Amino acid sequence: MLAKKALRDIRRNLAQFISVFLMAFASVFIYAGINSECLGMQNGADDFYKATNLADAWVYSADGFDDATFGKLRNIDGVTEAERRVMLSATAELENNPEIELYFAESAAVSAPLTRSGADFNTAVDGVWLDERFALARGIKLGDEIAFRYVLPKPYDAVIDIKKSVKGLIYSPEYVYMATESMLADFYNKGFAYVSAAFLPDELKPGGAPLYTQTVLKTSFKNADPLEDSVSAALDGKHCVFITQKNHPSVNMFASEIGQHKSMGFIFPIAFLLVATLIMLTTMTRLVSNQRTQIGALKSLGFGGGKIALHYMCYGFFVTLAGSLLGLVLGPPLLSPLFYSSLSAAYTLPVWRPGYDFTFALVIALTTALCTLASFIAAKSVLVLKPSEAVRPKAPKIHKTAARGGKLWNRLGFNVQWNLRDISRNKVRSVMAVAGALGCTALLVCSFNMNAAMTDTREWQYGEIYRFESRINLKDDATPEQIQSIVERTDGEKLFEGAVEIKGKGGKSTAVITVTDSANTLIRFTDKNRKPVTLPPDGVSISQKTAKAVGVRVGDIISWHLVEGGPWYECTVAAVFRSPSVQGIAMSEDVYKGFGQKFRPGAIVTAEHYTAAEGEGVNAVLYSSDLTAGWDELTKTVTLLIAVLIFGAVVLAACVLYNLGVLAFTEMHRELATLKVLGFKSGKLLGLISVQNLILTAVGFILGIYPGLLIVTAMTSTMGESFDMRVVLHPGDLIFSAITIFVTAIAVNLPFWSGIKKLDMVSSLKAAE
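Nothing here was measured: the structure is a model prediction, and the numbers come from that model. Residue positions are given per chain, counting from 1 as you read along its sequence in written order. Residues qualify for local features only when their pLDDT is at least 70, as the model is predicted, and side-chain atom pairs are given and counted only at 80 or more; totals for whole chains, interfaces and linings, by contrast, use all residues. The side-chain quantities take in all heavy atoms of the structure and omit both hydrogens and water.

Visitor: Which parts of the structure should I look at to understand the pairing of strand β16 (residues 540-543)?
Guide: Each regular strand displays side chains that alternate between the two surfaces of the sheet. Each residue's exposure class comes from its accessible area (1.4 Å probe, protein chains only) as a fraction of the maximum for that residue type: buried when under 20%, exposed when over 50%, partly exposed otherwise. Put simply, DSSP marks the helices as runs of H or I at least four residues long and the strands as runs of E at least two long, and each gets a number from the N terminus on. Residues Val 540 and Ile 542 line one face of β16 and the alternating positions Ser 541 and Ser 543 line the opposite face, and both faces are buried. Should DSSP find at least two bridges between two strands, the strands are taken to pair. In this structure, β16 lies alongside strand β18 (residues 569-577), joined through four bridges in parallel fashion. If you follow Ile 542 over to β18, its bridge partner there is Val 576.

Here is the structure:
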């Protein structure tokens, strides 16, 4: 009998229970969908790293690792495996001279290449194992021959030509993410390859032995940071760069991507879960209030309070459980592939598939438990009554008479006076309405401002900081005459960018050094408020995020050196600038030369649309449109996620406001009937309800702005070490958020029009029979 009653009640209150179902569904759908995507990425990376024995640390030294030095590294406590490599930044003899990072590996047991097709890497075989994605982009097949060119650095000034047959196509765990100037992986113009060190060209064997410039280490430590001092001691003071796995550019970038998605997948489902609980509480409160007499009758017939309580708790349990299970079933297979299609354009993994873990079951259990608890709380106040009390309608509340005669009160219209009085009499319902509007506003403000932060960063970096049209990347063997010729013909400016290691009193960081032409006008620096600043021409400046990472400010001492080799230099921080996507230090050509460095530009930037000519020493040309397109592709998944969350926030707002409106309509039906008897038209009564809804929505909207900004600040902090996004409350986004929530609030009031017109004044006002 109670089961039939439950089905009948759900059918009569279908809209409210559908709202609860949808919120439970949305909560688990978004959580399971986004987190299964994150888990799939993490599991795919972990499996890839494990299968290829990804190194725990990398040691770079231009001085090389001879047998004695290598032996010391292998004997360091905690080092379980070690392997040497020679890495050359070469170019392939193909169209556009694509960059190839060419490794001559001693054994490739650590950070081993993963064979995708062809033969496995073999140090006894003379050939090349090529990046599969580069090969696919270039149409290179197994058995094809490919030629590489490497320019020896000073003082050799020689060119080495290397020609090999493709033996296999591979992935590398060190190239899950491959950085380029445009930030997007460009597999047509950049790749990597492995060759056995046994076939290293003689030019790279000074004294007859290979000059190994890298050593990769596997350790017994979870974190290899403690090994740095031991490595430095083993090298007897020789210059070296030590990078742990967590700080490796590819590993760090991919981990940051996962962290960013996790933050979104965690914050938003919480809001949907709380709203589902709120809607269930309001729905069950109204249902129990309407069935007060029925509950009294059931108790009179001998049904115990526990059985009746269990009956009402089943409403929340089964409706929520059904929505949650559907969200679990549909979330991972629908949302994950949606993101993987764009993620795979920027990252390389052998397998892309959703992952699952026990937290999905915990979220379902939590969602179901909270909504079931809400059902119990709503029913408890009636269940404690005696049957004789419960069968009678609830006596109207006795309220204090509102203050009258005040000038402000007298100036308020009837609508406002009536609604303020009703709000003061129904504080719990009013608080719930404000809380619902607050949560919806926070989600809308977060979503719109996250999108604005992406757009702001794009315009800031590629419209205000980068003021050039063309970036002309130079070949390694470009002569000074060729470089100067390009500068003169394009009215260009020389630019050098490279990896640099920076130490301060608060730590160290691997970042980017930017050396600009002394007459720099095409790369502009900005302060923390995005306003243009002129950096001191005779000092070293540091980006705000890097300064925070190493614990310094203006006037403090920092040490830096180029990752590719060279001594440490000490200098005073002359200024701090802010950059949204490039972190590190910046200085002019003259300051750079003052440290004893030779300024050899790697690129020329110009305001002209430059077309490269053969034989000019030009490796490739990137236009401003290429850079912005790269940014758009890199942030495509975030933009897609934001669109999903905006839609969810609108649905959430509609469900919350509609259900609270239904509750208000139910609680004030006697008052509405009285006003209708007194001659109020249906339109006037709808206005009364709408004004109250809008007042509470306005309060919730104002209170929800700051929490929304806090959420977006937390989310942008997960973007990675290279990014420093501003969170700014744009008036347009605030207005759009307000329009969205207020239009939704007005729209959900329209269904009450028919309810008011059908209001039976006699049955609403007559006493219980």
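So much for the structure itself; the text now carries on.
Visitor: Can you walk me through the packing of aromatic side chains in this structure?
Guide: The geometry of an aromatic ring pair is captured by the separation of the ring centres together with the interplanar angle, meaning the angle of the planes. Two aromatic rings from Phe, Tyr or Trp, using only the six-membered ring of Trp, form a pair when their centres are within 6.5 Å; if the ring planes differ by under 30 degrees the pair is stacked, by over 60 it is edge-to-face, and anything between is tilted. Scanning all chains against the criterion turns up 22 aromatic pairs. Aromatic side chains Tyr 340 and Trp 352 sit 5.3 Å apart centroid to centroid with 55 degrees between the ring planes, which places their arrangement in the tilted category. Taken as a pair, Tyr 340 in helix α8 (residues 305-346) and Trp 352 in the loop between α8 and α9 (359-383) lie far apart in primary sequence, twelve residues in all. With a relative accessible area of 7%, Tyr 340 lands in the buried category. Judged by its relative accessible area of 24%, Trp 352 is partly exposed. Here Phe 496 and Tyr 592 contribute two aromatic rings whose centre-to-centre distance is 5.8 Å and whose plane-to-plane angle is 35 degrees, an arrangement assigned as tilted. Note that Phe 496 is positioned in strand β12 (residues 493-504) and Tyr 592 in helix α16 (residues 589-594), a separation of 96 residues in sequence. Here the two residues Phe 496 and Tyr 592 agree in accessibility, since each one is buried. Members of the aromatic cluster, each reached through a chain of ring pairs, are Tyr 103, Phe 121, Trp 129, Tyr 175, Phe 192 and Tyr 194. Lying across the ring of Tyr 188, Arg 138 places its NZ or CZ 3.6 Å from the centre. The residue whose ring lies beneath Arg 726 is Trp 460, and the NZ or CZ to ring-centre distance is 5.6 Å. We call a charge positioned over a ring when the NZ of a Lys or the CZ of an Arg lies within 6 Å of the ring centre and within 35 degrees of the ring normal.

Visitor: Would you mind going over the pattern of salt bridges with me for this structure?
Guide: Side chains that differ in sign of charge can pair as their charged atoms come close. Salt bridge, as used here, is a side-chain nitrogen of Lys or Arg placed within 4 Å of a carboxyl oxygen of Asp or Glu. Scanning the model with the defined rule gives 19 salt bridges in all. Here Lys 218 makes a salt bridge to Asp 56, at a shortest N to O gap of 3.6 Å. Here Asp 56 lies in the loop between α2 (14-52) and β1 (57-60) and Lys 218 lies in strand β9 (residues 214-219), a separation of 162 residues in the sequence. Judged by its relative accessible area of 12%, Asp 56 falls in the buried class. A salt bridge links Glu 106 to Arg 84, with the shortest nitrogen-to-oxygen separation between them at 2.9 Å. Pair noted here: Glu 106 is in the loop between β3 (99-105) and β4 (114-118) and Arg 84 is in strand β2 (residues 79-92), with a separation of 22 residues, a long-range link. Accessibility expressed as a relative area gives 6% for Arg 84, which makes it buried. Because the salt bridges share partners, they merge into one network encompassing Asp 456, Glu 464, Arg 530 and Arg 726.

Visitor: Honestly, the environment of Tyr 706 in this entry has me stumped. Any pointers?
Guide: By the secondary structure assignment, Tyr 706 is in helix α20 (residues 682-716). Separated by 265 residues in the primary sequence, Tyr 706 and Thr 441 have C-alpha atoms spaced 9.6 Å apart.

Visitor: Got a minute to help me understand the packing of helix α12 (residues 414-425) against α20 in this structure?
Guide: The axes of two packed helices give the description: the angle between them and the distance between them. Taken N-terminus to C-terminus, the directions of α12 and α20 make an angle of 60 degrees; their axes are 9 Å apart at the nearest point. Classed by the angle they form, the pair α12 and α20 counts as oblique. As for the relative orientation of α12 and α20, their crossing is right-handed in sense. Contact residues: Phe 414, Asn 415, Trp 418, Asn 419, Asp 422 and Ile 423 in α12; Lys 684, Gly 687, Leu 688, Val 691, Gln 692, Ile 695 and Leu 696 in α20. Split into classes, the residues belonging to the contact of α12 with α20 amount to seven nonpolar, four polar and two charged. To get an axis, a line is fitted to the C-alpha atoms, and for a helix only the part in contact is used. The angle between two axes follows their N-to-C directions and goes from 0 to 180 degrees. Comment on the angle field: the value is read as roughly parallel under 35 degrees, roughly antiparallel over 145, roughly perpendicular from 65 to 115, and oblique elsewhere. In this scheme the handedness of a crossing depends on how the near helix is turned from the far one: anticlockwise by less than a right angle means left-handed, clockwise means right-handed. Any two residues having at least one pair of non-hydrogen atoms within 4.5 Å are treated as being in contact. Here the term charged refers only to Asp, Glu, Lys and Arg, the term nonpolar to Ala, Val, Leu, Ile, Met, Phe, Trp, Tyr, Cys and Pro, and the term polar to all other amino acids, Gly among them.

Visitor: What should I look at first to understand the environment of Ile 18 in this one?
Guide: If you trace the backbone, Ile 18 turns up in helix α2. Residue Ile 18 is classed as partly exposed on the basis of its relative accessible area of 39%. In the structure, Ile 18 is positioned 496 residues away from Thr 514 in sequence and 57 Å away in space, judged by C-alpha atoms.

Visitor: Which parts of the structure should I look at to understand the environment of Cys 446?
Guide: Positionally, Cys 446 belongs in helix α13 (residues 427-465). On the basis of relative accessibility, which here comes to 1%, the residue Cys 446 falls in the buried class. In this structure the C-alpha to C-alpha distance between Cys 446 and Pro 707, which are 261 residues apart in sequence, comes to 8.5 Å.

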